[in-house]
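Inside the fold
One-letter residues, chain by chain:
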Amino acid sequence: MSITSNRVRAAAYSFEPIRQFYFYSRYADRRGDPDICDFTFGNPHEMPLPGLVEAIRHYAVPHNKDWFAYRASEPEPQTFMAERLSQELSLSFEPADIALTNGAMAAIAVAFRLLLDPGEEAIFSLPAWFCYEPMLLAADAVPRTVRLRGDRFDLDLSAIEAAISPRTRLVIINTPHNPTGRIYSRDQLTDLADLLNRASERIGRRIFLLSDEPYRRIRFDNHDFTSPAAVYPWTVVAYSYGKVLLAPGQRLGYLALSPLMPSSDKQALQSSLFAAQMALGWCFPNAVMQYALPDLEGLSIDMHALSAKRAWMTEALERAGYEVLRPEGTFYLFCKCPGGDGGRFWDALAGRDVFVMPGSVMGVPDHFRISLTASEPMIERSLPVFAEVAQAICD
Ligand code: PLP
């Protein structure tokens, strides 16, 4: 008999490929070595934003004796966030709609705890970020997956509709989407909202939508963004500052309830947020990050430089024969493995010190993901390698 709980064993099984990759793979052996070209995780490879460093330094110094007292989701940052989010999404958030969390992962865990009973189902589309499934399993919920559609990885609404059962409680949408970089249009989201309204009526209970939007501010070519919270009232939004500040180790984010939600449902969720955050083990941001929030809100990675990297790598890879999905948002490039054998391709690149995220950890073994957070010297060194490996594999 195992000494760990069933739910942790299930989550561990699902997390295993990424754990192996991070701790025990050829990549793990070389992680941090300045000679490699690291395109794997969305991690920084250059010094942090000076404004972020200044804010942390400033607020790390106690201003009074209570400075490091317990801080839950406090009214001051909630009010600040509600105002800013209302401007950004053109919706009227109130402070109680905002639960400050230590990143989007905590916001997602809180949403699962808030909305899902054991055995209830949550639907998401593949390829996907590798944490939805294990986090659902750890919440004793049942993950149901459908595939995104076609070469451009569109939402497949018919597949979502077909996956809905009487036990469906949640649909997860991630826009801008990791790993494909797609941003779903207002029309697509409105069709999804219609579908969820019809399906909720059919099964006799409300299906909620979790909009996971940590890359919301990382968009190219002035691409429009609509939050599902603006078209489907039973939406909860997960957000993280880890992406826009490119500082995923400094945990700050929130879960926000759509202001369009009918007030009886919204009040029930509002009044349970504190319990969900406490019961999960203090899912609030550290005091320093809460104080720093107003200073951090206006900061961003250099979108101009990121766009230039996107163009540089996309064009070079396409010239070398790669099929690249030009991202509308996020800092990833999503590409097909030349030759179709993801494992062989990954090994060939790794043998030349170029490390990418294998599609196998996201449910698409014939694809790979490049994080454009790699430094310019890494990109420069890698491009001849990408070209030579593609040629060698296809010859
Ligand atoms: N959602 C998606 C789609 C992500 O890609 C990530 C991080 O990679 C997260 C949520 C979690 O973000 P954070 O680590 O900042 O909480």
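What counts and what doesn't
- Residues numbered from 1 in each chain as written.
- Predicted model: local features only at pLDDT ≥ 70, side-chain atom pairs only at ≥ 80, totals over all residues.
- Helix = DSSP H or I, 4+ residues; strand = E, 2+ residues; numbered from the N terminus.
- Buried ≥ 20, exposed ≤ 12 C-beta atoms within 10 Å, placed from the backbone.
- Contact = placed C-beta atoms within 7 Å.
- Near = placed C-beta within 6 Å.
- Nonpolar A, V, L, I, M, F, W, Y, C, P; charged D, E, K, R; others polar.
- UniProt positions renumbered as here; feature names shortened; annotations may be inferred.
- Pairing = 2+ DSSP bridges.
- Axes fitted to C-alpha atoms, helices over the stretch in contact; angles between N-to-C directions.
- pLDDT = per-residue confidence, 0-100.
- Core = buried A, V, L, I, M, F, W, Y, C linked by C-beta atoms within 7 Å.
- Domains from an automatic or database assignment.

Helix and strand counts for the protein come out as 13 helices and 12 strands. Expressed along its principal axes, the backbone C-alpha trace of the protein runs to roughly 65 × 55 × 55 Å. Relative to its 395 residues, the protein shows a buried fraction of 45%. Looking at the protein alone, contacts between residues at least 24 apart form 73% of all its contacts between residues at least 6 apart.

Below, the discussion takes up the site of the ligand. Looking at the ligand, there are 13 residues lining it, with Gly 103, Ala 104, Trp 129, Ser 240 and Gly 242 nearest. Residues of the shell around the ligand, tallied by class, amount to five nonpolar, seven polar and one charged.

A word on the UniProt feature "domain: Aminotransferase class I/classII large" (unreviewed entry) in the protein. Mapped onto this numbering, the UniProt entry gives "domain: Aminotransferase class I/classII large" (unreviewed entry) at residues 38-380. For residues 38-380, the end-to-end C-alpha separation is 12 Å, with 37% helix and 17% strand making up the annotated structure.

The buried count for strand E12 (residues 367-371) comes to five of five residues, which makes it a mostly enclosed element. Judged by which residues are buried, E12 turns out to be covered on both faces: His 367, Arg 369 and Ser 371 on one side and Phe 368 and Ile 370 on the other are all buried. Pairing geometry for strand E11 (residues 354-358) and E12, over two bridges, is antiparallel. Bridging across to E12, Met 357 finds its partner in Arg 369.

So, about the sheet that holds strand E4 (residues 142-147). Consider a sheet: its strands pair through backbone hydrogen bonds, and that pairing is either parallel or antiparallel. In space, the seven strands of this open sheet follow the order E2-E8-E7-E6-E5-E3-E4, with mixed pairing throughout. Two strands in the sheet have a free side with no partner beyond their single neighbour: strand E2 (98-101) and E4. Going from strand to strand, the sheet's axes swing by 20 degrees on average, the running direction of each strand aside. One ladder, built from four bridges, connects strand E6 (residues 208-212) with strand E7 (residues 235-240); its direction is parallel. In the strand pairing of E7, Asp 212 is matched with Ala 238.

Below, the discussion takes up the confidence of the model for the protein. With 100% of its residues at a pLDDT of 70 or more, the protein has an overall mean of 97. Scored as a complex, the prediction yields pTM 0.98 and ipTM 0.99.

A few words now on the sheet that holds E12. One open sheet holds the five strands; their spatial order is E1-E11-E12-E10-E9, and the pairing between them is mixed. Across the chains shown, the open sheet's two edge strands, defined by having one partner strand only, are strand E1 (37-39) and strand E9 (324-325). Pairing of E1 with E11 involves three bridges; the strand directions are parallel. Bridge pairing in E11 places Cys 37 opposite Val 354.

Turning our eyes to something else, we now look at the nonpolar core. By size, the foremost hydrophobic cluster in this structure holds 116 residues, and its most contacted members are Ala 107, Ile 108, Val 110, Ala 111 and Leu 255. When residues in this core are grouped by element, the largest group, 11 residues, is from helix H5 (residues 104-115). Excluding anything up to four places from it in sequence, Val 110 contacts Ala 99, Thr 101, Leu 255, Leu 273, Ala 276, Gln 277, Leu 280 and Cys 283.

The next point concerns the environment of Asp 353. Relative to the helices and strands, Asp 353 resides in the loop between helix H12 (342-350) and E11. Asp 353 gets classed as partly exposed once you count the C-beta atoms within 10 Å, which come to 16. Through-space distance from the C-alpha of Asp 353 to that of Arg 186 is 41 Å; in sequence the pair is 167 residues apart. Beyond its immediate stretch of four places on either side in the chain, Asp 353 contacts Asp 35, Ile 36 and Cys 37.

Quick look at unusual backbone geometry now. Note the cis peptide between Leu 126 and Pro 127, where omega equals 0 degrees. Note on placement: Pro 127 falls in the loop between strand E3 (121-126) and helix H6 (132-138). Note the cis peptide between Asn 178 and Pro 179, where omega equals 15 degrees. Tracing the backbone through its elements, the reader meets Pro 179 in the loop between strand E5 (168-174) and helix H8 (186-203). If you check the backbone angles, Asn 222 has positive phi at about 50 degrees while not being a glycine.

This brings us to the domain arrangement of the protein. Quoted interface sizes are often the accessible area lost when the parts come together. We note that the domain assignment places domain 1 (6-49 + 302-394) and domain 2 (60-296) within the protein. When each unit is reduced to the centre of its C-alpha atoms, the spacing between domain 1 and domain 2 is 26 Å. Taken together, the contact between domain 1 and domain 2 spans 29 residues of the former and 28 residues of the latter. Elements supplying a minimum of two residues to the side of domain 1 that touches domain 2: helix H1 (6-24), helix H11 (303-319) and strand E10 (332-336). Broken down by element, the side of domain 1 that touches domain 2 gets its largest block of residues, seven residues, from H1. Here the side of domain 1 that touches domain 2 is built from residues that sort into 16 nonpolar, nine polar and four charged.

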